[in-house]
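# Descriptive analysis of the structure
Given next are the chains, with one letter for each unit.
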Amino acid sequence: MSALFTPLTLRSLEIPNRVWMSPMCMYSAATDGPEAGVPTDFHLTHLAGRAAGGAGLVMTEATGVRPDGRISPWDLGLWNDRQQEAFARIAAAITSHGSVPAIQLAHAGRKASTDRPWLADRHVPEEEGGWTAVAPSAVAFQGLPVPHELTEDEIRQLVRDFAAAAGRALAAGFRVVEIHGAHGYLINSFLSPVANHRTDAYGGSWENRLRFPLQVVDAVRAVWPDDLPVLFRTSATDWLTENPEDPREGWTGDDTARLARELAAHGVDLLDVSTGGLVRDAAISAHPGFQVPFAERVRRTAGIPTSAVGLIRDARQAEEIVATGRADAVMIGREMLRDPHWAHHAADALAAAPRWPDQYGYALAHRATAKA
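Here is a short report on the structure shown in this document. (Residues numbered from 1 in each chain as written. Predicted model: local features only at pLDDT ≥ 70, side-chain atom pairs only at ≥ 80, totals over all residues. Heavy atoms only, no water.)

### Things to note about the pairing of strand E11 (residues 306-309)
The condition is simple: Relative accessible area decides the class of each residue, using a 1.4 Å probe on protein chains only: under 20% of the type maximum gives buried, over 50% gives exposed, and in between gives partly exposed. Strands here are runs of E lasting at least two residues and helices are runs of H or I lasting at least four, both read from the DSSP assignment and numbered beginning at the N terminus. A pair of strands counts as paired when DSSP detects no fewer than two bridges linking them.
What you see with E11 is no split at all: Thr306 and Ala308 on one side and Ser307 and Val309 on the other are buried throughout. In the sheet, strand E10 (residues 270-274) pairs with E11 via 3 bridges, with the strands oriented parallel. Bridge pairing links aspartate 272 to serine 307 in E11. Inspection of the sheet shows E11 paired to strand E12 (residues 329-332) by 3 bridges, in the parallel sense. In the strand pairing of E12, serine 307 is matched with alanine 329.

### Notes on the side chain of aspartate 328
Our working definition: Here, two residues are considered to be in contact whenever any of their heavy atoms come within 4.5 Å of each other.
Mapping aspartate 328 onto the fold places it in the loop between helix H8 (315-323) and E12. You can call aspartate 328 buried: its relative accessible area is 9%. If we ignore the near neighbours within four places in the chain, the residues touching aspartate 328 are Leu8, Arg18, Arg299, Pro305, Thr306 and Val322.

### Some words on the nonpolar core
Spelled out, the test is: Only buried residues count toward a nonpolar core, which is a set of Ala, Val, Leu, Ile, Met, Phe, Trp, Tyr and Cys residues joined through side-chain atoms within 4.5 Å.
Core analysis: the biggest nonpolar cluster contains 107 residues, and Trp20, Leu105, Phe162, Ile179, Phe212 and Phe232 have the highest contact counts within it. Dropping the residues within four chain positions of it, phenylalanine 162 is found in contact with Val65, Leu105, Ala106, His107, Ile179, Ile187, Phe212, Val216 and Val220.

### Quick look at unusual backbone geometry
Of note in the backbone geometry, histidine 183 takes a positive phi value of approximately 60 degrees without being a glycine. Residue position: histidine 183 is located in the loop between strand E8 (176-181) and helix H4 (186-191). Look at alanine 351: it is not a glycine, yet its phi comes out positive at around 60 degrees. Relative to the assigned elements, alanine 351 resides in the loop between helix H10 (342-349) and helix H11 (358-371). Since its relative accessible area comes to 74%, alanine 351 is described here as exposed.

Pasting the structure below:
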């Protein structure tokens, strides 16, 4: 029996398999007016298509908890009724295919207000529909403007914004919420001493740098049902301290193992383990499965389930990760862009039963019978 195609239960929620669609920004929403941040028909077909393709869990792209939380003006948001209404249609479509609808709630912090990546690597200024980014400290991400340093009152409002978006996500029909704490965005920049130079209760010591992330987790957990899971995506390392040629002291794998224990104590059910994104110039040796050891370490040392991500390309690679206990699930990103039915094809390769929609399954079974 394939480990990859066995169910995983988090709290009372059973997820039908361990092949999950990773959140990926599509930069395809309206930028202003009443449709700003609202999912479109493109988002519906994109996400529902991967559910029809057999993914056990389908997660939306990073969804801004308020307008300045979007990575780009073209990203999704969940701060108003119109957005919630459109997301409800998407959650229902994912559910109709037997997959679990999940949403990643995010604030882009100092990396906000950027252009669509296939057009330019640049900041979008206010006169073009952009905005001033915010961050724990007035320290710019390389190539972007210096952000506004958040006051303590503004930080407390951000905690409320995450909770409000989580409440909307629940009302829209999502069954899993993930807090985006990775890739150099707002929560990740509070954690790392490279981006957080504060001297108040939200900076300095390791405990202080955790204060805002844990407050967000507590606020989301308070509005999310006890029987449904909360996930947290983390960058397990900045790839700085591990590099002997880099003098910067960043966030490390040791920090992540400690963070995982804190998150579990605050009600997080699974750590979605990625790496990097805090700085542009980190030395990263990317190769298939290069981030899996971080997920494995967290799972073994912190006792919390994990998902693995990053250049996971084929079925047997994914099967090995789950079957050997290196992670509890795999997040598939670009491979699902190339092949919306990646999960079905992986099931075939592993001699598991693909979970085809009835509308497809009967035709495929008939074709197989005819060939026999």
